[in-house]
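Listed here are the chains, written in short residue letters.
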Amino acid sequence: MSTIPEWPPRNEANFQRGKKALKTLHFDALSFSSDDLLHFCLEIFLELDILARVKVPIDKLKRFILVVRSCMFDNPYHNWYHAIDVTQTVYSLAITAGMTKQLGDIEVFALIISGLCHDLEHPGVNNPFLVASRSDLATLYNDRSVLENHHCCRAFQLMLHSEIQLLSEFTNAEYVSFRAVVLNNILATDMARHGEYTTKLKRLTDPATPPDDRKIDKQFEMEIIIKCADTSNVLKPFNVAKKWAMRVTDEFFLQGDREKACGMPLTPMCDRTCQGRVALQKGFVDFVIGPYYKLVGAAFPALSEVRRKFSFSVGDGISFSVPASVGGGTDQEEIHLVFVFVRIADFQFKLVQTITHVDEPSTSPPHLPHSNQPQKTLRRPDACFRQVFGLMWENRESWNSYDDRMLGEELGSSY
């Protein structure tokens, strides 16, 4: 390990500005410097008043945070800013859900560390790319949750390094407990497992499920929180969500460029020649993360009282449909968008089947209305959706007034 840099001085004006939003979903990591984010990360641990109780000296924690920053690559999206954005969002959601009062000290510490390390040394490409390209990482981890296993491995290598020794005061039992939480949390962020979580949430929120089977254990709750935080760009104010949308699509398109250069099959969502940034954002909400957040809202009533709501529900069942504008206007484009976003999680139509209560495998995409077909009114408010997710619906509506040209002119792209 190279020499660990000195902890930088604090910009007090920036710190006070960010501290006001640190417990909320309005925190904008991209509006601060890299050094500012070091101080916000440390402040989360200090506000939790957790360090003395888990016997972690502040100087060791500072060294660890500095080394984590040095190990985050300069990707458009999966970088140091994303690491802190997710860490802060984990903190915000955990407080809102009352988890910091329900979990043990080791679990709280492990939850925040999980957020900080969940994408450690992310190379800017996804698991299917690493497997298809026969990368060393895919070989090392046997093609299974390649990135997530690597993030876990590197996190513990850093924590246990002789120059850091973050966990040196842990008893064996505390270390075993801490390690289990961190591993489970980070491995939960593999989108290939997304269908597994939606299925379990559906069962937990189904009134027909026996009460004893609807109890949510602490580990599952932490995994749900970190999954929400990892996909939380759509929950942020639109001016923040737009910046993250630009960055994530930049990274998608760079992967597509590499696929072309290597003669690999081109991932549909990574093809900059035919895929729209705005359409990708709409599809992600409509087909992947919106239905998931709806189930999370039903499972976690502690995430605030019902006020502003978001609903995919049409009719009496839990289902969802797509505004005609999502795919650009034509049925063919809309159906293509379904395939793109179901393939993101690599579980074909399992997500669609889960949300629409389909029991048998489907060989065709869900019905999409013709572009000139009236859309059924989406119910709002919806009694099982919580205020914490309200901005997603507002953002989804805001995207209707944007196209790729406008987004590019407003934010620009270096990629």
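Residues numbered from 1 in each chain as written. Predicted model: local features only at pLDDT ≥ 70, side-chain atom pairs only at ≥ 80, totals over all residues. Heavy atoms only, no water.

**Topic: the overall build of the chain**
Scanning the chain from terminus to terminus reveals 18 helices and zero strands. Evaluated residue by residue, the chain yields a buried proportion of 54% over its 415 residues. Considering only residue pairs separated by 6 or more positions, the chain has 77% of its internal contacts joining residues 24 or more positions apart. Within the structure as shown, the chain displays about 17900 Å² of accessible surface, and the carbon and sulfur contribution to it stands at 52%. (Helix = DSSP H or I, 4+ residues; strand = E, 2+ residues; numbered from the N terminus. Buried < 20%, exposed > 50% of the residue type's maximum accessible area, 1.4 Å probe, protein only. Contact = heavy atoms within 4.5 Å. Areas by Shrake-Rupley, 256 points an atom, 1.4 Å probe, with all protein chains shown as cover.)

**A closer look at the pattern of salt bridges**
Considering all chains together, one arrives at 20 salt bridges under this definition. Arg277 serves as the salt-bridge partner of Asp250, at 3.0 Å between the closest nitrogen and oxygen. Of this pair, Asp250 sits in helix α13 (residues 238–261) while Arg277 sits in helix α14 (residues 277–299); the two residues are 27 residues apart in sequence, bridging distant segments of the chain. Using a relative accessible area of 5% as the deciding quantity, one classes Asp250 as buried. A salt bridge links Arg396 to Asp286, with the shortest nitrogen-to-oxygen separation between them at 2.9 Å. With Arg396 in helix α17 (residues 390–399) and Asp286 in helix α14, this residue pair connects regions lying 110 residues apart in the sequence. A residue is classified by how much of its surface remains accessible, and Asp286, at 2% relative accessible area, is buried. In this structure, a network of salt bridges that share partners links the residues Lys19, Lys23, Glu43 and Glu47. (Salt bridge = Lys/Arg side-chain N within 4 Å of Asp/Glu carboxyl O.)

**With respect to the packing of aromatic side chains**
The tally for this structure, following the rule as stated, stands at 16 aromatic pairs. Where Tyr292 meets Tyr293, the ring centres are 5.8 Å apart and the plane angle is 45°; that geometry is what we call tilted. Of the two residues, Tyr292 and Tyr293, neither departs from the other in class, the shared state being buried. What links up through ring pairs into an aromatic cluster is the set Phe45, Phe109, Phe156, Phe170, Tyr175 and Phe178. Lying over the aromatic face of Phe220, Lys200 brings its terminal NZ or CZ to 4.2 Å of the ring centre. (Phe/Tyr/Trp six-rings, centres within 6.5 Å; stacked < 30°, edge-to-face > 60°. Lys NZ or Arg CZ within 6 Å of the ring centre and 35° of its normal.)

**Focus: the side chain of Glu107**
Along the chain, Glu107 falls in helix α6 (residues 105–117). With residues up to four places along the chain from it excluded, the contact list for Glu107 reads Val181, Lys218 and Met222.

**Some words on unusual backbone geometry**
Of all residues except glycine, most have a negative phi; of all peptide bonds, most are trans. Located in the positive-phi region is Asn142, a residue other than glycine, with phi close to 55°. Considering the arrangement of structural elements, one finds Asn142 in the loop between α8 (136–140) and α9 (146–159). A relative accessible area of 57% means that Asn142 is categorised as exposed. Within the chain, Gln165 stands out as a residue other than glycine whose phi angle is a positive 50°. You can see Gln165 is positioned in the loop between α9 and α10 (172–187).

**Topic: helix α18 (residues 404–411)**
N-cap assignment for α18: the residue whose side-chain oxygen lies 3.2 Å from the backbone N of Arg405 is Asp403. Looking one or two residues past α18, Gly412 carries a phi angle of roughly 70°, positive in sign. (Polar contact = N/O pair within 3.5 Å; in protein donor to acceptor, adjacent residues only side chain to side chain.)

**Looking at the side chain of Asn75**
Mapping Asn75 onto the fold places it in the loop between α3 (58–71) and α4 (80–96). Apart from the residues lying within four places of it in its own chain, the contact partners of Asn75 are His122, Pro123, Gly124 and Glu251.

**Remarks on the environment of Ser34**
By the secondary structure assignment, Ser34 is in helix α2 (residues 34–48). Assessed through its relative accessible area of 23%, Ser34 is described here as partly exposed. For the pair Ser34 and Tyr81, spaced 47 residues apart in the sequence, the C-alpha separation amounts to 7.4 Å. In contact with Ser34, other than residues within four places in its own chain, are Arg69, Trp80 and Tyr81.

**Quick word on the nonpolar core**
Counting 95 residues, the largest nonpolar core has Phe64, Trp80, Phe109, Leu166 and Phe178 as the members making the most contacts within it. In terms of residue count, α14 provides more of this core than any other element does, 10 residues in total. Counting nine residues, the second-largest nonpolar core is a separate cluster that includes Phe129, Leu130, Tyr141 and Met264. (Core = buried A, V, L, I, M, F, W, Y, C linked by side-chain atoms within 4.5 Å.)

**Points about the packing of α6 against α10**
With their axes 9 Å apart at the nearest point, α6 and α10 run at an angle of 40° to one another. One finds that α6 runs oblique with respect to α10. As α6 runs across α10, the sense of the crossing is right-handed. Two secondary-structure elements touch here, α6 through Ile106, Glu107, Phe109, Ala110, Leu111, Ile113, Ser114 and Cys117 and α10 through Glu174, Ser177, Phe178, Val181, Val182, Asn185 and Ile186. Of the residues belonging to the contact of α6 with α10, the class tally is 10 nonpolar, three polar and two charged. (Axes fitted to C-alpha atoms, helices over the stretch in contact; angles between N-to-C directions. Parallel < 35°, antiparallel > 145°, perpendicular 65-115°, else oblique. Left-handed = near helix turned anticlockwise from the far one by under 90°. Nonpolar A, V, L, I, M, F, W, Y, C, P; charged D, E, K, R; others polar.)

**Some remarks on the confidence of the model for the chain**
Of all residues in the chain, 79% have pLDDT values of 70 or greater, and the mean over the chain is 83. This model gives residues 304–386 a pLDDT under 50, and the stretch forms 168 contacts once residues within four places in sequence are excluded. (pLDDT = per-residue confidence, 0-100.)

**Here we look at the packing of α4 against α6**
Two elements in contact, α4 and α6, have axes whose closest approach is 7 Å; the angle formed by their N-to-C orientations is 155°. In this view, α4 runs roughly antiparallel relative to α6, as classed from their interaxial angle. In this structure, α4 crosses over α6, and the sense of that crossing is right-handed. Taking contact as the criterion, the partners of Trp80, Ala83, Ile84, Val86, Thr87, Val90, Tyr91 and Ala94 in α4 are, on α6, Leu111, Ile112, Gly115 and Leu116. Of the residues belonging to the contact of α4 with α6, the class tally is 10 nonpolar, two polar and no charged.

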